[in-house]
Amino acid sequence: MTRRRSILKAPGRASPAGPRPLPRRGGVAGRLQRLNRRASSRRGAIVLLSIMIVSVSSVLIAQQFIEDVTDQFLAIRSAADGMRAREVAMAGFQAGLTAVKTVPEEYLYSTGLVAEPPDLMLARDCQEANPENCTYYFVSLRIQPEDGKINLNNLVRFDGEPDDVHRRVVNRLFSELKIPIENTDNLIDWIDENDSSVGGAENNYYAGLRPPREIKNFRLFSLSEVGLVKGFTREMLYENRAPEGWAENREEAAFLTEDEKTMIQLDDWVLANNVTAFLPYSETVDTKVNINAARYHTLMSLSDGMTEKAVADLFKLRRRYNGFIKNLSELRELASWQQQSTDKLTLYEELAGTGGDISGMMKSQGDYYRVVGVGSVVRKSDNQDSQILAVRKVWGIWDKSNRQLIYYSED
């Protein structure tokens, strides 16, 4: 009987030829195996891609969070700086009111408070870790006689009719500043309480605008309202209207004296520096202009008989008395003010009100004062330029006669 050799390997013994690869399965089982391998590879790629997406999203979310927190921090710091600047401005405003109430008017002029005093540093806040990096708090105080300007509300009397004297004054001022004189009638129609036009624009004009606008038919509360009136713009109110090259030509004019060169400043060509629009406390309106505070173009508009020589002599007289002329009678001694202004009156008689029924357009005492306090928060460092963090302004108009604050604003 023939014995068969067993082909089975003994346990623990390897084949001399080494392990042989498993034969590739065919049919359904092989295809399933290959599909499982591919699916496993795709699952791994999806996991890696998901991890990358989550990582990128986390970075983006973190960046957005940091930006939001930074914006909130900057907004809070800006609000805090603004509050500090307002407190400083309020301190300047209160100091100005106290000065107007208690200091004799003559000293307000002679000490320079009526002009523009320099900024004063109230406090300094330095970091302990970096003492060179400091925050400074400055206040600027201004006290300005508001009745040195022409009040546009005086274009209309309290009986509702136009005031012809002030209409002529405003027309002359507009001519000086190259503003169309028909704008005077636009102002009258805006202020008066009737619907009858004096040549300007009534409600039908403003209703036809896009968007439509309602005419006020009442007194102006502030000068900014003038920008709503037909023919006016904000630029016309607050921008310089000097002829092109005026400042350069005047500086180079060799025939002008220093007094003549300084008589007209660049600020004199700004309409807002020559007119005002406050509403008095009562219907007793003072229509006179304070000669101690009036600018060149304001004075030139008071009369057809006013001359540049008369204005120059007035300015010289103001300087002689430290900026304050106590009595109008001082002008009587000036030859330029004795020139004939009308058929019957000299310039002095016309404007001082000593001729007949003429009430006059001038006075030497101020009754309305604009008090302005400006607060600034500034960061200074030796390694960089100064950085203005916040500026606030608090201002109002004080009626000395009635001891009332008739206008108040915070900017």
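No experiment lies behind these values; they were computed from the predicted model shown.

**Considering the overall build of the protein**
If you tally the helices and strands in the protein, you get eleven helices and nine strands. Looking at the protein as a whole, 39% of its 411 residues qualify as buried. Long-range pairs, those at least 24 residues apart, make up 63% of the contacts in the protein with a sequence separation of at least 6. Put simply, the protein shows about 24,900 Å² of open surface, and 52% of that area lies on carbon and sulfur atoms.

**Focus: helix H3 (residues 164–176)**
Over its 13 residues, H3 runs 19 Å from end to end, which matches the ideal 18 Å to within 8%, given 1.5 Å per residue. Taken residue by residue, H3 has His-166, Val-169, Val-170, Arg-172, Leu-173 and Phe-174 as its buried positions. Those residues of H3 hidden inside the fold are in contact with strand E3 (150–151), helix H4 (182–191), strand E4 (275–276) and helix H9 (296–300). The distance from a side-chain oxygen at the start of H3 to the backbone nitrogen of Val-165 is 3.1 Å, and the residue carrying that oxygen is Asp-163. Directly after H3, the chain includes Lys-178, whose backbone phi takes a positive value near 60 degrees.

**Here we look at the packing of aromatic side chains**
Taken as a whole and assessed by the stated rule, the structure comprises ten aromatic pairs. Between Tyr-109 and Phe-324 the ring centres are 5.1 Å apart and the planes differ by 40 degrees, which places this aromatic pair in the tilted class. Within this pair, whereas Tyr-109 is found in helix H2 (residues 105–110), its partner Phe-324 is found in the loop between helix H10 (308–320) and helix H11 (347–352), the two being separated by 215 residues in sequence. A relative accessible area of 10% means that Tyr-109 is categorised as buried. Residues Phe-174 and Phe-232 carry aromatic rings whose centres are separated by 6.0 Å and whose planes lie at 65 degrees to one another, so their mutual orientation is edge-to-face. Note that Phe-174 is positioned in helix H3 and Phe-232 in the loop between helix H5 (203–207) and helix H6 (234–238), a separation of 58 residues in sequence. Exposure remark for Phe-232: the relative accessible area of 6% places this residue in the buried category. When the ring centre of Phe-158 is taken as reference, the NZ or CZ atom of Arg-219 above it lies at 4.2 Å. Stacked on the ring of Tyr-205, the Lys or Arg Lys-230 has its end atom at 4.7 Å from the ring centre.

**Some remarks on the pairing of strand E2 (residues 134–145)**
In terms of burial, E2 is largely enclosed, as ten of its twelve residues are buried. By the bridge criterion, six bridges tie strand E1 (residues 120–126) to E2 in an arrangement that is antiparallel. Bridging across to E2, Arg-124 finds its partner in Tyr-136.

**Details of the environment of Val-226**
Within the fold, Val-226 resides in the loop between H5 and H6. Along the chain, Val-226 and Leu-187 lie 39 residues apart, while their C-alpha atoms are 7.8 Å from each other. Apart from residues lying up to four places away in sequence, Val-226 is in contact with Leu-152, Leu-187, Leu-220, Phe-232 and Leu-237.

**A few points about the environment of Val-378**
Inspection of the secondary structure puts Val-378 in strand E7 (residues 368–381). Sequence separation between Val-378 and Asp-81 is 297 residues; the distance between their C-alpha atoms is 9.4 Å. For Val-378, the contacting residues outside a window of four places in its chain are Cys-134, Thr-135, Tyr-136, Phe-138, Ser-386, Gln-387 and Ile-388.

**Digging into H4**
Taking burial as the measure, the ten residues of H4 include nine buried ones, the bulk of the element. Among the residues of H4, those classed as buried are Asn-183, Thr-184, Asp-185, Asn-186, Leu-187, Ile-188, Asp-189, Trp-190 and Ile-191. Buried-residue contacts for H4 involve H3, H5 and H6.

**With respect to the packing of H3 against H4**
Two packed helices can be described by the angle between their axes and the distance between those axes. For the pair H3 and H4, the least separation of the axes is 9 Å and the interaxial angle reads 135 degrees. Viewed along their axes, H3 and H4 adopt a mutual orientation that is oblique. The handedness of the crossing between H3 and H4 comes out as right-handed. Judged by residue contacts, Arg-167, Val-170, Asn-171 and Phe-174 of H3 engage Asn-183, Thr-184, Asp-185, Leu-187 and Ile-188 from H4. Here the residues of the contact of H3 with H4 sort into four nonpolar, three polar and two charged.

**Observations concerning the environment of Leu-279**
Within the fold, Leu-279 resides in the loop between E4 and strand E5 (289–290). Distance from Leu-279 to Arg-219, taken between C-alpha atoms, is 6.9 Å for residues 60 residues apart in sequence. Apart from residues no more than four positions distant in its own chain, Leu-279 is found in contact with Asn-153, Phe-218, Arg-219, Leu-220, Phe-221 and Ile-406.

**Here's the deal with the nonpolar core**
Nonpolar side chains in soluble globular proteins tend to be buried together. Within the largest apolar cluster, 59 residues are counted, with the highest numbers of intra-cluster contacts made by Leu-271, Leu-331 and Trp-337. When residues of this core are traced back to their parent elements, those giving at least two are H3, H4, H6, H9, H10 and H11. If you tally residues by element for this core, the top one is H10, at six residues. Leu-331 has contacts with Ile-291, Leu-314, Leu-317, Trp-337, Tyr-348 and Met-362, leaving out every residue within four places of it along the chain. Formed by 16 residues, the second largest nonpolar core is a distinct cluster that contains Ala-89, Val-100, Phe-324 and Val-394.

**Concerning the side chain of Asp-147**
Looking at where Asp-147 falls in the secondary structure, it is placed in the loop between E2 and E3. A distance of 2.8 Å separates a polar atom in the side chain of Asp-147 from a polar atom in the side chain of Lys-363. In this structure Asp-147 touches Lys-288, Val-289, Asn-290, Lys-363, Gln-365, Gly-366, Asp-367 and Tyr-368, once residues within four positions along its chain are discounted.

**Quick notes on unusual backbone geometry**
Following Arg-210, the chain continues to Pro-211 via a peptide bond in cis, the omega torsion being 0 degrees. One can find Pro-211 in the loop between H5 and H6. Even without being a glycine, Lys-178 presents a positive backbone phi close to 60 degrees. Among the secondary structure elements, Lys-178 is positioned in the loop between H3 and H4. For Lys-178, a relative accessible area of 60% corresponds to the exposed category. The phi dihedral of Asn-217 falls on the positive side, at around 55 degrees, and the residue is not glycine. For Asn-217, the location among the structural elements is in the loop between H5 and H6.

Each value, and the rule that gives it
Residues numbered from 1 in each chain as written. Predicted model: local features only at pLDDT ≥ 70, side-chain atom pairs only at ≥ 80, totals over all residues. Heavy atoms only, no water. Helix = DSSP H or I, 4+ residues; strand = E, 2+ residues; numbered from the N terminus. Buried < 20%, exposed > 50% of the residue type's maximum accessible area, 1.4 Å probe, protein only. Contact = heavy atoms within 4.5 Å. Areas by Shrake-Rupley, 256 points an atom, 1.4 Å probe, with all protein chains shown as cover. Expected span 1.5 Å × (residues − 1). Polar contact = N/O pair within 3.5 Å; in protein donor to acceptor, adjacent residues only side chain to side chain. Phe/Tyr/Trp six-rings, centres within 6.5 Å; stacked < 30°, edge-to-face > 60°. Lys NZ or Arg CZ within 6 Å of the ring centre and 35° of its normal. Pairing = 2+ DSSP bridges. Axes fitted to C-alpha atoms, helices over the stretch in contact; angles between N-to-C directions. Parallel < 35°, antiparallel > 145°, perpendicular 65-115°, else oblique. Left-handed = near helix turned anticlockwise from the far one by under 90°. Nonpolar A, V, L, I, M, F, W, Y, C, P; charged D, E, K, R; others polar. Core = buried A, V, L, I, M, F, W, Y, C linked by side-chain atoms within 4.5 Å.

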